[in-house]
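# A closer look at the structure
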Amino acid sequence: ARVDDSLRLGPVGQGWKVATSILASERQSIAGSGASLPGTTTGRSVAALIKRHAPVVDPLLRQRLAQLYIEDRLVSLTNQRAAAKRRAGQQPGAEGSITKLFYSEHAQRLQDMALELEGPAGQAWEEGDRWHQGTAWAYLRIRSKTIAGGTSEVQRNILGERVLGLPKEPSADKGVPWSQVKRS
């Protein structure tokens, strides 16, 4: 694309580098610090579920809640590590993709658990019941987390190629200018 120099981001010929940097920042903001706090678009927190449903008598549900708590801590600690890197002036690394992938799938498991703990009231609630309405909304809204900022499948490809060093998927149009790429 041709743009005036005053509108260009980064050096000439480095558009892809700028774009990937922006995408990395988007991934970090989606799963970044504060992303799983109550009141955000992610819905119910682990702490809120434990507080609301304690004591959880069913050992299988209790084990799932414990696993969700552990996952929540892992996301928080990874975000703290990434924030420390940013404060030190370092470029974002793989932690953005790792956290985005792990967090978005963790958030879905968490909202699945919230809905299950609420039972039928999580799907059909009395008018004015903000807790159950919020639980249902969060359950439906959280599906977008595995799409926004790069789907889980894209994140797995990024991690496989850039972190694990696996070969890229074959591409018939590698090295072909965009204007010559065959499209439907």
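Heads up: the structure comes first, above all this text.
Described in the following lines is the structure provided in the data block. Per-chain numbering applies: the sequence of each chain, read as written, is numbered from 1 onward. Note on the predicted model: pLDDT of at least 70 is required for a residue's local features to be given, and 80 or more for side-chain atom pairs to be given and counted; whole-chain, interface and lining totals, by contrast, use all residues. Side-chain numbers come from the whole structure's heavy atoms, not from hydrogens or water.

## Comments concerning the overall build of the protein chain
Secondary structure is summarised from DSSP: a helix means a run of H or I of at least four residues, a strand means a run of E of at least two, and numbering begins at the N terminus for each. In terms of helices and strands, the protein chain carries six helices and zero strands. If you list the helices and strands of the protein chain from N to C, you get α-α-α-α-α-α. With C-alpha atoms as the basis for the radius of gyration, the globule rule is written as 2.2 Å multiplied by the number of residues raised to the power 0.38. Against the globule reference of 16 Å for 184 residues, the protein chain gives a C-alpha radius of gyration of 20 Å, more extended than a compact globule. Dimensions of the protein chain, computed from the C-alpha atoms along their principal axes, are close to 60 × 45 × 35 Å. Each residue is assigned to one of three classes by its accessible area relative to the maximum for its type, calculated with a 1.4 Å probe on protein chains only: buried under 20%, partly exposed between the two thresholds, exposed over 50%. Across the 184 residues that make up the protein chain, the buried fraction comes to 32%. Once local pairs closer than 6 in sequence are excluded, the contacts in the protein chain between residues at least 24 apart make up 72%. Of the accessible surface of the protein chain, which amounts to about 12300 Å², a share of 58% is contributed by carbon and sulfur atoms. Under this rule, positive means Lys or Arg and negative means Asp or Glu; His and the chain ends count for nothing. A single reference atom marks each charge: NZ on Lys, CZ on Arg, CG on Asp, CD on Glu. Looking at the protein chain, you have 26 positive and 18 negative side-chain charges, and the mean spots of the two groups are 7 Å apart. Contact between two residues is taken to exist if any of their heavy atoms lie within 4.5 Å; hydrogens are not considered. Values of accessible area rely on a 1.4 Å probe in the Shrake-Rupley scheme; residue burial ignores everything except the protein chains shown.

## A few points about the environment of A94
Structurally, A94 is set in the loop between α3 (59–87) and α4 (95–118). On a C-alpha basis, the gap between A94 and G13 in space is 24 Å, while along the polypeptide they are 81 residues apart. When neighbours within four sequence positions are excluded, A94 is seen to be in contact with L159 and V163.

## A short note on the packing of α4 against helix α5 (residues 130–141)
When two helices pack together, their arrangement is given by the angle between their axes and by how far apart the axes lie. Every axis in this analysis is a line fitted to C-alpha atoms, fitted for helices over the stretch in contact. Angles between the N-to-C directions lie between 0 and 180 degrees. Running from N to C, α4 and α5 point in directions that differ by 145°, and their axes come no closer than 9 Å. The way α4 lies across α5 gives a crossing that is left-handed. On α5, the residues that touch Q111, D112, A114, L115 and E118 of α4 are W131, H132, T135, A138 and Y139. Residue composition of the contact of α4 with α5, by class: five nonpolar, three polar and two charged. Should the near helix be turned counterclockwise from the far one by less than a right angle, the crossing is left-handed, whereas a clockwise turn marks it as right-handed. Residue polarity follows a fixed list, in which Ala, Val, Leu, Ile, Met, Phe, Trp, Tyr, Cys and Pro are nonpolar, Asp, Glu, Lys and Arg are charged, and the others, Gly among them, are polar.

## Observations regarding the pattern of salt bridges
Whenever Lys or Arg places a side-chain nitrogen within 4 Å of a carboxyl oxygen from Asp or Glu, that contact is recorded as a salt bridge. This structure, assessed with the given rule, holds six salt bridges. The partner of E116 in a salt bridge is R64, and the shortest N-O contact between them spans 2.9 Å. Here R64 lies in helix α3 and E116 lies in helix α4, a separation of 52 residues in the sequence. Judged by relative accessible area, R64 falls into the partly exposed class, the value being 34%. The salt bridge involving E71 is made with R109; its shortest N-O contact spans 3.1 Å. On the criterion of sequence distance, the pair formed by E71 in helix α3 and R109 in helix α4 is long-range, its members being 38 residues apart. In this structure R109 comes out as partly exposed when scored by relative accessible area, which is 34%.

## Things to note about the environment of K85
On the secondary structure map, K85 appears in helix α3. The exposure class of K85 is partly exposed, given its relative accessible area of 24%. The contacts of K85, once residues within four sequence positions are left out, are Q90, Q91, G93 and E95.

## Considering the side chain of Q108
Topologically, Q108 is positioned in helix α4. Overall, Q108 belongs to the buried group, its relative accessible area being 17%. When residues no more than four places from it in sequence are discounted, the contact partners of Q108 are I142, R143 and T146.

## Describing the packing of aromatic side chains
Any two rings among Phe, Tyr and Trp, with Trp reduced to its six-membered ring, count as a pair given centres within 6.5 Å; such a pair is stacked if its planes are under 30 degrees apart, edge-to-face if over 60, and tilted if neither. In total, this model carries zero aromatic pairs according to the counting rule given. We count a charge as sitting over a ring when the NZ of a lysine or the CZ of an arginine lies within 6 Å of the ring centre and within 35 degrees of the ring normal. The ring centre of W131 lies 3.7 Å from the NZ or CZ of R44, which sits over that ring.

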